[in-house]
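Fold and contact review
So you can see what is in the structure, the chains are spelled out below.
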Amino acid sequence: MIIITGISGFVGCNLRSYLCEKEKPTLGVSRNPNIDEVHYSEINKTLLNNINCFIRLAGKAHDLKKSSDDKEYYKVNTELTKKLYNHFLESTCEVFIYMSSVKAVADFTQDVLTEDVSPNPITAYGKSKLAAEEYILSKKIPKNKRVYILRPSMIHGPNNKGNLNLLYNFISIGIPYPFGKYVNKRSFVSVDNLCFIINELINNHKIESGIYNIADDISLSTIDLVQLISEVLCKPTRILKVPKFIIRFIAKVGDVLPFPISSERLLKLTENYEVSNLKIKNAIQKRLPLSSKDGIEKTVTSF
């Protein structure tokens, strides 16, 4: 039996379906009770003694509108994780998987991000994730247990909303992509590849405990994404090279008025953020099921 916190979220729903296909029964954790779910308050040593794997997906996500209280990040992402991890250590449960984020390491990076980079998060979200990581790493892992901290890059998949959806909407109605002056490379991970990796971590007792970055094999530029989306839609690729100072001005206006582009969204679309997946691939010794291109095409087709 596997327990998943955040089972009703995007990753949780996909992971439950994936594990069920692999004939691995799952139990969800929610703040609200359902037939096959339990409360956080019900998670204790006794319950975990009957569980093989505990997957900590749930957490307070990064708030792009910046309306959240910083204390809420630490309450959910740090303190609750510490409490659940303590229960795990006291139980006979064998595997603990904590879903952290690359943002626990860096909000911006010009070099390819590896597990060896010293963390220096800026946001309360990243700091709260890092604090949970540090607590987990501070505890000695019993010989019969395995503990994995996963730092995924931007996760995408069918029906997931985000910047890919924004690009899709622009291209589908024929609006040209205006940021052709920006040349970038960014790592993504398809939810299919993420679920595959988690299943491998559960199954393979030889994979050492530790921190693992999660990403697809090849980084893509936003222009690459525009071209892929255009191909899926059977539309011509339309890219404009609007001067950057004009783009920045429009983004500043979008910070105040309800424009589709704001400074933060512009950064998400045009920044460099490459993540190395060499460590996790060397650990599992298997190819990821979806290529970077195939994963993006699957996501876009679902829109």
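Everything here concerns the structure above.
Residues numbered from 1 in each chain as written. Predicted model: local features only at pLDDT ≥ 70, side-chain atom pairs only at ≥ 80, totals over all residues. Heavy atoms only, no water.

1. Points about the pairing of strand β1 (residues 2-5)
Condition: Exposure is judged per residue with a 1.4 Å probe applied to protein chains only, and the accessible area is read against the type maximum: over 50% gives exposed, under 20% gives buried, and values in between give partly exposed. Helical segments are the DSSP runs of H or I of at least four residues, strand segments are the runs of E of at least two, and each set is numbered from the N terminus. In this description, strands pair whenever DSSP reports at least two bridges between them. Seen with its strands pointing away from the viewer, a crossover is right-handed when the path leading from the first strand over the helix to the second is clockwise.
Here β1 shows a buried face lined by Ile-2 and Ile-4 and a second buried face lined by Ile-3 and Thr-5. Two strands pair when backbone bridges link them, and β1 and strand β2 (residues 26-29) are joined in this way by four bridges, in the parallel orientation. Along β2, the bridge assignment pairs Ile-3 with Leu-27. Following the backbone out of β1, through helix α1 (residues 10-21) and into the adjacent parallel β2, one traces a crossover that is right-handed. Of the strand pairs in this sheet, β1 and strand β4 (residues 53-56) are connected by four bridges, and their pairing is parallel.

2. Notes on a nonpolar patch on the surface
Here is the rule we go by: Patches in this entry comprise residues that are over 30% relatively accessible and not in a salt bridge; like charges within 9 Å are linked, as are nonpolar side chains (Val, Leu, Ile, Met, Phe, Trp, Tyr) within 5 Å. Here, Shrake-Rupley sampling with a 1.4 Å probe gives the accessible areas, and only protein chains in the shown set may cover a residue. Salt bridges, as used here, are contacts in which a Lys or Arg side-chain nitrogen is within 4 Å of a carboxyl oxygen on Asp or Glu.
Together, Phe-245, Ile-246, Phe-249, Ile-250, Val-256, Leu-257 and Phe-259 line one region of the surface with nonpolar side chains, adding up to about 720 Å² of accessible area. Inspection of the secondary structure assignment puts Phe-249 in helix α8 (residues 244-254).

3. Some words on the environment of Ile-43
Rules: Note on contacts: a residue pair is in contact if any heavy atoms of the two residues lie within 4.5 Å.
Secondary-structure assignment places Ile-43 in the loop between β3 (37-38) and α2 (45-48). Among the residues examined, Ile-43 registers a relative accessible area of 2% and is labelled buried. For Ile-43 and Asp-111, which are 68 residues apart along the polypeptide, the C-alpha to C-alpha distance reads 40 Å. Look past the residues within four positions of Ile-43 in its chain and what remains in contact with it is Val-29, Leu-48, Phe-54, Leu-84 and His-87.

4. Quick look at the packing of aromatic side chains
Going by this rule: Any pair of Phe, Tyr and Trp rings, taking the six-membered ring for Trp, is counted once the centres come within 6.5 Å. Such a pair is stacked with planes under 30 degrees apart, edge-to-face with planes over 60 apart, and tilted for the rest. Placement of a charge over a ring requires the Lys NZ or Arg CZ to be within 6 Å of the ring centre, with the centre-to-atom vector within 35 degrees of the ring normal.
Under the definition given, this model contains nine aromatic pairs. Taking the centre distance of 5.5 Å and the plane angle of 15° together, the rings of Phe-54 and Phe-96 count as stacked. With Phe-54 in strand β4 and Phe-96 in strand β5 (residues 95-99), this residue pair connects regions lying 42 residues apart in the sequence. The interplanar angle of 70° and the centroid separation of 4.9 Å between the aromatic rings of Tyr-85 and Phe-96 together place this pair among those described as edge-to-face. Residue Tyr-85 is found in helix α3 (residues 70-90), and its partner Phe-96 is found in strand β5; the two are separated by eleven residues along the sequence. No difference in accessibility class separates Tyr-85 from Phe-96, as the two residues are buried. Three or more aromatic residues joined by ring pairs make a cluster, and in this case those are Phe-54, Tyr-85, Phe-88 and Phe-96. One residue, Lys-244, lies across the ring of Tyr-182, its end atom 4.8 Å from the ring centre. Here the basic side chain of Lys-279 rests over the ring of Tyr-212, its NZ or CZ set 4.7 Å away from the ring centre.

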